[in-house]
Amino acid sequence: RPRTTTMAASWSRTMIIPLTVLALGEALQFAPPAGVASSRAATTPLVGRATVVETADTTTAASTASSHEHSMSLTQYCESRYVPARRPTRGVHAGPVTIGTDAATMNRIALQTMSTTDTRDVEASVAQILRCRDAGADLVRLTVQGLNEAKKAAEIRKTLDAMGADVPLVADIHFHPKAALLVADAFEKIRVNPGNFADGRKTFEEIDYDSPEEFEAERAYIEELFTPLVLKCKELGRAMRIGTNHGSLSARIMSFYGDSPLGMVESALEFANICRKHDYHNFVFSMKASNPVVMVQAYRLLAARMYDLGWDYPLHLGVTEAGEGEDGRMKSAIGIGALLADGLGDTIRVSLTEDPEFELEPCKTLADIGAEMVSDASRVRASAVPAFDDTTTRPVAELRKRDVEIPKSVNDGETVSALHRDGSVVTALGASDFADEQALYRALGCQTAVGMPFRDVATSDSVYLKPGTLAALGKPQLRTLSRLSQAGLGVVVDRADLSGRDDDHLPVPTTVVLEPSAAAFLDAAGAAADAPRAVTLRGDEADDELEALFSRDDVAFVVVDVPTADLSRLHASRRLLHLAKAATSSVPVLHKLSYDAQSAKAPGNKPLRKDLFILRLRGDGGSLP
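Residues numbered from 1 in each chain as written. Predicted model: local features only at pLDDT ≥ 70, side-chain atom pairs only at ≥ 80, totals over all residues. Heavy atoms only, no water.

Undergrad: Please clarify how the overall build of the protein chain should be interpreted in this entry.
TA: Counting its secondary structure elements, the protein chain contains 18 helices and 23 strands. By residue count, 59% of the 625 residues in the protein chain fall in the buried class. Considering only residue pairs separated by 6 or more positions, the protein chain has 73% of its internal contacts joining residues 24 or more positions apart. Accessible area of the protein chain: about 24100 Å², with a carbon and sulfur share of 51%. (Helix = DSSP H or I, 4+ residues; strand = E, 2+ residues; numbered from the N terminus. Buried < 20%, exposed > 50% of the residue type's maximum accessible area, 1.4 Å probe, protein only. Contact = heavy atoms within 4.5 Å. Areas by Shrake-Rupley, 256 points an atom, 1.4 Å probe, with all protein chains shown as cover.)

Undergrad: Can you walk me through the pattern of salt bridges in this structure?
TA: Any two side chains of opposite charge can pair if their charged atoms end up close together. The final tally for this structure, using the stated rule, is 38 salt bridges. A salt bridge links glutamate 155 to lysine 152; the nearest nitrogen and oxygen atoms lie 3.6 Å apart. One end of the pair is glutamate 155 and the other is lysine 152, both in helix H3 (residues 147-162) and three residues apart, which spans about a single turn. When its relative accessible area of 38% is taken as the criterion, glutamate 155 is described as partly exposed. By relative accessible area, which is 28% here, lysine 152 ends up partly exposed. Between arginine 455 and aspartate 461 there is a salt bridge whose closest N-O contact spans 3.1 Å. The exposure class of arginine 455 is partly exposed, given its relative accessible area of 28%. Classification of aspartate 461 as buried rests on a relative accessible area of 0%. Taken together, the salt bridges that share partners define one network made up of Arg495, Glu515, Arg533, Arg552 and Asp554. (Salt bridge = Lys/Arg side-chain N within 4 Å of Asp/Glu carboxyl O.)

Undergrad: Would you take a moment to explain the packing of aromatic side chains for this structure?
TA: Aromatic rings in a pair are described by how distant their centres are and how their planes are angled relative to each other. Taken as a whole, this structure holds ten aromatic pairs when the rule is applied. Arranged with centres 5.5 Å apart and planes meeting at 90°, the rings of phenylalanine 283 and phenylalanine 285 form a pair that is edge-to-face. Of the residues examined, phenylalanine 283 reaches a relative accessible area of 0% and is grouped as buried. A relative accessible area of 0% means that phenylalanine 285 is categorised as buried. With a centroid separation of 5.6 Å and 80° between ring planes, the pair formed by tryptophan 311 and tyrosine 313 is classed as edge-to-face. Of the aromatic side chains, those joined through ring pairs into one cluster are Tyr280, Phe283, Phe285, Trp311 and Tyr313. Above the plane of the ring of phenylalanine 521 lies arginine 533, whose end atom (NZ or CZ) is 3.8 Å from the centre. (Phe/Tyr/Trp six-rings, centres within 6.5 Å; stacked < 30°, edge-to-face > 60°. Lys NZ or Arg CZ within 6 Å of the ring centre and 35° of its normal.)

Structure below.
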């Protein structure tokens, strides 16, 4: 549900608003500086349909099931699940730029963008390429739709060479093998889409294969068309990207594997095996999708297959058609950030519907954040997280939402929820926020009628009273709090702030009591007068304590607040989710990401801007599943 909630306050203010859910089934939360708006994205289900091929026998279905079963059995998709490290790769050379983690790159992530000019307009294309280079692009990709564009590509390269501009150029090829052969004479890298390079038939007819042999027979046709390009790239020292796109899988792959991450991976491996057959290894992979969940799943599955095969080809990361502005940056940060956190990714492009030179700053920001995620300091913090093994609860081949039970309260006979099943907005309030009642209602996204608030699609689900706030509220402010409760908002209060109050006199009927620790929750004699209880966890609690907590059915929700100075948020959070899943607990989990002016700094200690802050937030939160 789209929503906007903005609080006008100082940088130190805490507001908990949602980070787009990545198949967890609970809210990902962060506490941003003031002025940063929140948005609730619709929870995206796991994309990919089961392959159903109706045939006279079960040979094809069995073969597909075998591929699926093998993928499900894979456990390693990154160098380590528990200590962050870059995945080692070979170096792939595109002119003067090397992609990968070999000595030539110093582990640097290469930055890319794509031109928006008509490739036939040589002057405009050259001017835009130079702007992209000056903005930090290591490579620039251009669309080469046919032979006319391929001929102009040679002029573009020649013009740039005459100017001393050696930025490598990448030809984006679709449906036209002959254009790829021609442009390989001029450009340093060729991107081929397995979905339409040789098998680009667009049809609404179902294609049924009676046997794997029929499916394999068409592979010979693909090899016939693709091999000349492989041999030419090998001869000229050109690089290649085998770039599968979820939105353009071939009819052949779709009929056999379905519209799924597995189909994306198998499509790319077909082309890679042709390259390897001819001893050509100067290529990278990409698994792009407009849905970050599908994209992350496909890249992880591809990486797992490469570990299984002993391959070390680099990965090009990107989210297709991410969009513009904040939305485009959010989607890119979720998908790319999730992979960089596990050490996956050697070159990235942030795909925005803006001029390409504007893609480079968020691209570099994500690359810098990715470097921080696998730094020595990050490894130290990850090592401080107690040992756990989540290979069974977080399988490589799927990202699945947990089934959770949303806590409910009864207010004047009406059942209300403190959280929302599609991701929750919990706004933190201090005493000063109650100074202007109507301004507070607006900031929480409430609609009003004759001055009284009521919930709308954009309204916060709950408010959290920061420590000491409850005691500082006078009668007018408590009346405002009561009106928010009557409007259906939950009110989360720390256990310590209820000390000295009559346990039978909660501030409002929709109060949720937040216990400070698992031990406090387990040791407490009972909740205050029918109030649901939630609990704050750090991520380094003892296994037996957490197992006891997750076995309870009276936990309203868990707030994961990792002390990031000591522990890795990523690994501590994954440990907690592992233990919750292992206990088949249905308790919702909220991830609280808190930042101050120091921890929210832009890479390189540059002044922080809202668009860069969004990249950090989404990168941190998107990596948790």
